[in-house]
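A closer look at the structure
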Amino acid sequence: MTTLLIGATGMLKTAAAHAVARAKKAVVLSRHAKDFSLGSDTLDVKLTRISQSYENGAAFIDAVARYAPYDLALTWIRPQAEILRAAIDGMIVPGGRLVEVMGSRSILLGENGEASIAERRAQALALQPDITYSQVILGFVLEGDGSRWLTHEEISAAAIAQMEKPQARLIAGVLEPWERRPQ
Ligand SMILES: NC(=O)c1ccc[n+]([C@@H]2O[C@H](COP(=O)([O-])OP(=O)(O)OC[C@H]3O[C@@H](n4cnc5c(N)ncnc54)[C@H](OP(=O)(O)O)[C@@H]3O)[C@@H](O)[C@H]2O)c1
């Protein structure tokens, strides 16, 4: 079966390598995916690389659909992109897994008090109980009087944990106290 990797060529590279090692094939999409290497011939040979921006919604969905279905998807998509996310949900096999990495603000309420994107996605996936859905919410690390953002390895470790032992939501680092986030 095939693994889908979106936005996984940067901070999620170690998590991508972990997923590809356990997959027969993997499809990697990002703006510069054609140049992407996991640094290992045995892993790279499994990759289908597609240079495409998720800002270009319809073309991006077409490109993802070309290699569907997927038994595992790992995504880091910055915009809320709910249409794209819903399209991806429909390309995961029954019994498959979806791990979505989201920024710190993804669990804040919307301007008019509407549910957060993280909550809306959890609700949408609750309607697809045949998919194991898990989120990684990126937080920060408190250090002494200050704080720092997560390292790429810390972010990848959280994504790997969600691939191996999925929980509904894993906060990588902390989100509280919010006023102590790195400025
Ligand atoms: N705590 C937080 O909320 C939070 C949130 C975000 C980031 N951060 C920090 O910021 C650092 C870097 O963040 P980053 O977003 O630059 O992460 P990154 O994972 O290093 O890079 C972004 C990933 O998304 C892809 N991408 C970006 N725009 C895209 C588009 N329009 N279409 C398709 N793919 C796209 C990139 O590949 P291409 O360039 O090839 O498109 C790459 O794979 C992290 O180390 C993290 O600590 C913290």
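Each remark here, short or long, concerns the structure printed above.
Source: prediction; values computed, not measured. (Residues numbered from 1 in each chain as written. Predicted model: local features only at pLDDT ≥ 70, side-chain atom pairs only at ≥ 80, totals over all residues. Heavy atoms only, no water.)

Overview of the packing of aromatic side chains
Under the criterion given, the structure shown has 2 aromatic pairs. Between the aromatic rings of Tyr-54 and Phe-60, the centroid separation amounts to 6.1 Å while the plane-to-plane angle is 75 degrees, which identifies the pairing as edge-to-face. Where Phe-140 meets Trp-149, the ring centres are 6.4 Å apart and the plane angle is 90 degrees; that geometry is what we call edge-to-face. Overall, Trp-149 belongs to the partly exposed group, its relative accessible area being 45%. (Phe/Tyr/Trp six-rings, centres within 6.5 Å; stacked < 30°, edge-to-face > 60°. Buried < 20%, exposed > 50% of the residue type's maximum accessible area, 1.4 Å probe, protein only.)

Topic: the pattern of salt bridges
This model, assessed by the stated rule, comprises 9 salt bridges. Close ionic contact of Arg-121 with Asp-89 constitutes a salt bridge, the shortest N to O distance being 2.7 Å. Residue Arg-121 is located in helix H5 (residues 117–126), and its partner Asp-89 is located in helix H4 (residues 82–89); the two are separated by 32 residues in the primary sequence. Of the two residues, Arg-121 and Asp-89, neither departs from the other in class, the shared state being buried. The partner of Arg-121 in a salt bridge is Glu-100, with the nearest N and O atoms 3.1 Å apart. Note that Arg-121 is positioned in helix H5 and Glu-100 in strand S5 (residues 92–102), a separation of 21 residues in sequence. Overall, the relative accessible area of 2% leaves Glu-100 in the buried class. (Salt bridge = Lys/Arg side-chain N within 4 Å of Asp/Glu carboxyl O. Helix = DSSP H or I, 4+ residues; strand = E, 2+ residues; numbered from the N terminus.)

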